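The primary structure of each chain is shown beneath.
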Amino acid sequence: MKKEFAVIGLGRFGGSICRELSREGMQVIALDIDEQKVSEYRDIAAHTVMADSTDENVLRELGLRNIDHVIVAIGDNIQASMLTTLILKELGIKTVTVKAQNDYHEKILNRIGADHVIHPERDMGKRIAHHIISNNILDY
Ligand code: ATP
């Protein structure tokens with residue numbers, strides 16, 4: 001059976017996750033508050049939804065209960081990211097991965113119950129630095 005994912009926030013990071021999961025044949029629900037972003041993913045994701053993820057009723061009505069993993073990729077609006085994460089965990093989503101903007105954001109996300117917190121720019125910077133040190137720059 002195909003795994004089901006939801007990606008909330010279709011910026012560069014969330015968009016890239018959505019594309020890659022879909023390319024790998026996964027069922028992806030792509031959600032963004034911005035209509036233009038949503039239309040970009042209409043032919044890529046299995047389902048697209050234009051909605052505000054901080055609206056509990058929206059997330060409830062999406063029936064995310066069967067989703068294996070939700071990725072919250074809202075960047076600048078830290079409050080929206082935290083509230084979305086809180087609602088998802090309250091709805092019983094098993095695995096929620098969230099992109100954090102800073103250490104303070106990460107700390108709160110961990111308290112709220114986020115299962116994985118990632119800092120894409122920081123983590124990629126670290127990886128590249130290590131590759132540079134090992135002269136293996138072609139392999140990142
Ligand atoms: P990236 O670096 O991945 O491009 P970013 O960290 O700059 O993104 P933003 O552009 O602020 O992050 O947000 C990512 C996406 O999340 C945007 O497409 C934005 O429309 C969407 N978004 C922001 N708030 C909400 C919300 N409440 N509900 C749904 N989507 C939202």
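It should be emphasised that the depicted structure is a prediction, and the values quoted were computed from it without experimental measurement.

What counts and how
Residues numbered from 1 in each chain as written. Predicted model: local features only at pLDDT ≥ 70, side-chain atom pairs only at ≥ 80, totals over all residues. Heavy atoms only, no water. Near = heavy atom within 4 Å. Polar contact = N/O pair within 3.5 Å; in protein donor to acceptor, adjacent residues only side chain to side chain. Areas by Shrake-Rupley, 256 points an atom, 1.4 Å probe, with all protein chains shown as cover. Helix = DSSP H or I, 4+ residues; strand = E, 2+ residues; numbered from the N terminus. Nonpolar A, V, L, I, M, F, W, Y, C, P; charged D, E, K, R; others polar. Contact = heavy atoms within 4.5 Å. Core = buried A, V, L, I, M, F, W, Y, C linked by side-chain atoms within 4.5 Å. Buried < 20%, exposed > 50% of the residue type's maximum accessible area, 1.4 Å probe, protein only. Expected span 1.5 Å × (residues − 1). Pairing = 2+ DSSP bridges. Axes fitted to C-alpha atoms, helices over the stretch in contact; angles between N-to-C directions. Parallel < 35°, antiparallel > 145°, perpendicular 65-115°, else oblique. Left-handed = near helix turned anticlockwise from the far one by under 90°. Salt bridge = Lys/Arg side-chain N within 4 Å of Asp/Glu carboxyl O.

A.B. asks: Is there a simple way to explain the site of the ligand in this structure?
C.D. replies: Taken together, 20 residues lie around the ligand, and R12, F13, D32, D52 and K99 are the ones closest in. Between the ligand and the protein, one listed contact pairs an oxygen atom with a backbone N or O atom of F13 at 2.8 Å. In this structure, K99 approaches the ligand through a side-chain N or O atom, which is 2.8 Å from an oxygen atom. Contact with the protein chains removes 84% of the 630 Å² of surface that the ligand exposes when unbound. Elements represented by at least two residues in the shell around the ligand include exactly α1 (12–23) and β2 (27–32). Looking at the shell around the ligand residue by residue, the class counts come to eight nonpolar, five polar and seven charged.

A.B. asks: Whenever I open this one, the environment of A73 confuses me. Can you help?
C.D. replies: Within the secondary structure layout, A73 lies in the loop between β4 (69–72) and α4 (78–90). Residues A73 and K94 lie 21 residues apart in sequence; the distance between their C-alpha atoms is 17 Å. Those residues in contact with A73 that sit more than four places away from it in its chain are I8, G9, F13, G14 and K99.

A.B. asks: Can you walk me through the nonpolar core in this structure?
C.D. replies: Looking at soluble globular proteins, one finds that nonpolar side chains tend to be buried together. One finds I8, L59, L64, V70, L88 and L109 to be the most contacted residues of the largest nonpolar core, which totals 25 residues. The set of elements that each furnish at least two residues to this core consists of β1 (4–8), β2, α3 (56–61), β4, α4 and β5 (95–99). The contacts of L64, once residues within four sequence positions are left out, are A6, I29, L59, L88 and I93. Within the second largest apolar cluster, 10 residues are counted, among which are V7, L10, V28 and A45.

A.B. asks: When you look at helix α6 (residues 120–133) in this model, what are you seeing that I'm missing?
C.D. replies: End to end, α6 covers 20 Å across 14 residues, agreeing with the expected 20 Å (1.5 Å per residue, within 8%). One or two residues past the end of α6 sits N135, with phi positive at roughly 55°.

A.B. asks: Quick question: what am I supposed to make of the sheet that holds strand β6 (residues 116–118) here?
C.D. replies: Neighbouring strands of a sheet are bound in pairs by backbone hydrogen bonds; such pairs are parallel or else antiparallel. Read from one edge of the open sheet, six strands run β3-β2-β1-β4-β5-β6, paired in parallel fashion. Looking at strand neighbours, the two that pair on one side only are β3 (47–50) and β6, the edges of this open sheet. Direction aside, the axes of adjacent strands within the sheet are offset by 15° on average. Both β1 and β2 contribute to a ladder of five bridges, which runs parallel. Bridge assignment links A6 to a residue of β2, and that residue is I29. Relative to the sheet, α1 contacts β1, β2, β4, β5 and β6, its axis offset from that of β1 by approximately 160°.

A.B. asks: I would appreciate a short explanation of the packing of α4 against helix α5 (residues 103–112) in the present structure.
C.D. replies: For any two helices packed against each other, the geometry is given by the interaxial angle and the distance between the axes. The geometry of α4 relative to α5 is characterised by a closest axis approach of 9 Å and an angle of 15° between their N-to-C directions. As judged from the angle between their axes, α4 and α5 are roughly parallel. Our pair here, α4 against α5, has a crossing hand that is right-handed. Listed contacts from α5 to I78, S81, M82, T85, L86 and K89 of α4 are H105, I108, L109 and I112. Its residues placed into classes, the contact of α4 with α5 shows six nonpolar, three polar and one charged.

A.B. asks: Looking at this structure, how should I read the pattern of salt bridges?
C.D. replies: Should their charged atoms come close, side chains of opposite charge can pair. Per the stated rule, a full pass over the model turns up seven salt bridges. Note that R122 is salt-bridged to E106, the shortest N-O span being 4.0 Å. Of this pair, R122 sits in helix α6 while E106 sits in helix α5, and the two are 16 residues apart along the sequence. Salt bridges here are not isolated pairs; linked through shared partners, they connect E20, R23 and E24.

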